[in-house]
Amino acid sequence: MRADRPYDLVLFGATGFTGGLTAEYLARHAPDRLRWALAGRNPDKLAAVRNRLAAIDPALAELPLLTADVTDPASLRAVAECARVVASTVGPYVHHGEPLVAACAAAGTDYLDITGEPEFVDRMYVRHHAEAVRTGARLVHACGFDSIPHDLGVWYTVKQLPADGPIAVDGYVRAGGRFSAGTYHSVLTAFSRTGETSRAARARRAMEPGPDGRRVRAVPGKVGRVREFGQWAVPLPTIDPQVVRRSAAARPEYGPDFRYRHFAAMKRLPTVLVAGVGLAGVVGLVKVAPTRRWLLGRLASGQGPTAEQRAKSWFRVRFVGTGGGRRVVTEVAGGDPGYDETAKMLAESALCLAFDDLPETAGQVTPVAAMGDALLDRLVRAGITFRTLPA
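Here the structure is a predicted model, which is why all the values come from computation and not from measurement. (Residues numbered from 1 in each chain as written. Predicted model: local features only at pLDDT ≥ 70, side-chain atom pairs only at ≥ 80, totals over all residues. Heavy atoms only, no water.)

## Describing the packing of aromatic side chains
To keep things clear, this is the line we draw: Any Phe, Tyr or Trp ring, taking Trp's six-membered ring, that has another such ring centre within 6.5 Å forms a pair; planes under 30 degrees apart are called stacked, those over 60 apart edge-to-face, and the others tilted. Under the scheme used here, helices are H or I runs from DSSP no shorter than 4 residues and strands are E runs no shorter than 2 residues, and both carry numbers assigned from the N terminus. Burial classification: accessible surface area is computed with a 1.4 Å probe over protein chains only, and a residue below 20% of its type maximum counts as buried, one above 50% as exposed, and the rest as partly exposed.
What the rule picks out here adds up to eight aromatic pairs. Aromatic side chains Phe 17 and Tyr 339 sit 5.7 Å apart centroid to centroid with 80° between the ring planes, which places their arrangement in the edge-to-face category. Within this pair, whereas Phe 17 is found in helix H1 (residues 17-29), its partner Tyr 339 is found in the loop between strand E13 (326-334) and helix H14 (340-355), the two being separated by 322 residues in sequence. By relative accessible area, which is 1% here, Tyr 339 ends up buried.

This is how it looks when you write it as C-alpha cells:
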C-alpha cells in the first residue's frame with residue numbers, strides 16, 4: 001500500500017442514491033484516522049452531500065471534494081493517484097465503469113464497486129487484470145448485496161466442513177425491498193445485452209487459468225420443493241454463483257471438488273410461475289430500443305426508497321453444505337438489501353482494504369479472496385448476522 005498518498009479512501013459517486021448512503025455510513029462509523037474524500041462530476045452536488053455529512057459529524061464540514069468525470073481520463077487518473085482505495089457507486093458499470101477501473105489498475109490503487117453486471121466484470125478481467133497484477137492493485141467487484149452475503153456465506157459454510165474431500169453447497173435467497181433507479185437501470189441494461197455478456201464470458205474463459213489440480217463448478221439447479229424450508233427453489237441467474245466459483249478456485253478450503261447452486265426461495269408455486277413469465281417478458285422488451293428507453297425512463301437517477309420503506313426491508317440467505325459425511329445449514333441475514341446493507345458492505349469492504357491485515361493478492365479478486373475472515377468479522381460487528389442453524 002502507498003501510505004504517502006493523501007487519502008486512504010475516495011468515494012466516487014457520492015451524489016447518487018447508494019453513494020450518498022455509503023457516505024453517511026462512513027460519516028457515522030469510519031475511524032477518526034480515516035483520511036477520505038468525496039469525488040464526482042458536479043461540485044455543487046458534492047457540496048450538498050458534504051453538508052449532510054457535517055450534520056452527522058461537524059468535523060466533516062471540511063471534507064475534501066474532488067471533481068472527476070468518467071469522460072475525463074485525466075481527472076480519474078488524478079483521483080486514483082491520490083488514494084489508496086477508491087470505491088465506486090457509478091453505474092450501470094458497463095457504460096460508466098471502465099475508465100475508473102483502468103485508472104486504478106494503472107496507479108496500483110485498490111478499487112471496489114457494487115456491480116452485479118457479469119459482462120462488466122468479465123471485460124474488466126480481460127482488459128485490466130494483468131496490469132493490476134503488475135502494479136499490485138486489487139480490483140474487487142460485487143461488494144454489495146451482489147455478492148457479499150453469498151460469497152462470504154458460502155465461505156462461512158465451507159469452513160465448517162472437511163476440506164479433504166468433495167464439498168457441495170446450495171444457497172437459497174429470500175428478500176423484501178425496493179429498487180432504486182440505479183439498480184433498475186443496471187438490471188435492464190444487463191437484460192438488454194445478453195449477447196455481449198456471453199461474448200465477454202467466452203473471452204475471459206479463454207485466458208483465465210483454472211485451479212491447479214482441483215475441480216470447481218457453479219451449476220444451475222432445477223425448480224423444486226425444498227421440504228425442510230417449506231419453500232420452492234428457483235434457479236437464480238445472478239452474478240453471485242460466478243463470484244462464489246472464483247472464490248472457490250482461489251482458496252483451498254473449498255476442497256478438491258466443489259459445487260455450488262444458487263436459488264431464489266419462494267413460498268408459493270403460483271408466485272414462481274408468475275415471476276418466470278414476468279422475467280421472460282421483461283428480457284424480451286428491453287431488447288427493443290423504444291421499449292427499453294420507455295422502461296429506463298420510469299425511474300430517474302438518484303431516486304430510491306425512503307428511510308421508512310428501507311426500515312421494513314430485509315434479506316435472508318440460507319446455505320446447505322455437505323462434505324466428508326457432514327451436513328451444515330447456515331444463514332446470513334440483514335436489513336434492507338439493496339441500499340442500507342449494500343452501503344454498509346461497500347463501506348466496510350473499503351475500510352477492510354485500507355486498514356486490515358489481509359492475504360497477499362493482486363489483480364481482479366473476489367471479496368473472499370481479497371478479504372475473507374477480516375471482512376466477515378467486520379460485517380458481524382456491523383450487525384449482519386452469520387449463524388449456524390440446526391442441521
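## Re the state of the cysteines
Rules: Two cysteine sulfurs form what is called a disulfide whenever their separation falls within 2.5 Å.
For the structure on display, the rule yields zero disulfides. Cys 104 provides the cysteine sulfur closest to Cys 82, a residue in no disulfide bond, and the two sulfurs are 9.9 Å apart. Judged by relative accessible area, Cys 82 falls into the buried class, the value being 13%. Cysteine Cys 352 remains unbridged, with the sulfur of Cys 143 as its closest cysteine sulfur at 9.7 Å.

## A short note on the pattern of salt bridges
The condition is simple: Salt bridges are identified by distance alone: a Lys or Arg side-chain nitrogen within 4 Å of an Asp or Glu carboxyl oxygen.
Applying the stated criterion across every chain yields a total of 24 salt bridges. Across the pair Asp 122 and Arg 204 runs a salt bridge, and its minimum N-O distance is 3.1 Å. Within this pair, whereas Asp 122 is found in helix H6 (residues 118-135), its partner Arg 204 is found in helix H9 (residues 194-207), the two being separated by 82 residues in sequence. What makes Asp 122 buried here is its relative accessible area of 2%. For Arg 246, the salt bridge identified is with Asp 122, shortest N-O distance 3.5 Å. Of this pair, Arg 246 sits in helix H10 (residues 240-250) while Asp 122 sits in helix H6; the two residues are 124 residues apart in sequence, bridging distant segments of the chain.

## Things to note about the packing of helix H5 (residues 98-107) against H6
Operational definition: Interaxial angles span 0 to 180 degrees and are taken between N-to-C directions of axes, which are lines fitted to C-alpha atoms, for helices over the stretch in contact. Angles are sorted into four bins: roughly parallel if under 35 degrees, roughly antiparallel if over 145, roughly perpendicular if 65 to 115, and oblique for all others. For any pair of crossing helices, the crossing counts as left-handed if the nearer helix is rotated counterclockwise from the farther one by less than a right angle, and right-handed if it is rotated clockwise. Contact between two residues is taken to exist if any of their heavy atoms lie within 4.5 Å; hydrogens are not considered.
Running from N to C, H5 and H6 cross one another at 15°; their axes reach a closest spacing of 8 Å. Taken together, the axes of H5 and H6 are roughly parallel relative to one another. The two elements H5 and H6 meet at a crossing, and its hand is right-handed. Here Glu 98, Val 101, Ala 102, Ala 105 and Ala 106 of H5 come into contact with H6, specifically with Phe 120, Met 124, Arg 127, His 128, Glu 131, Ala 132 and Thr 135.

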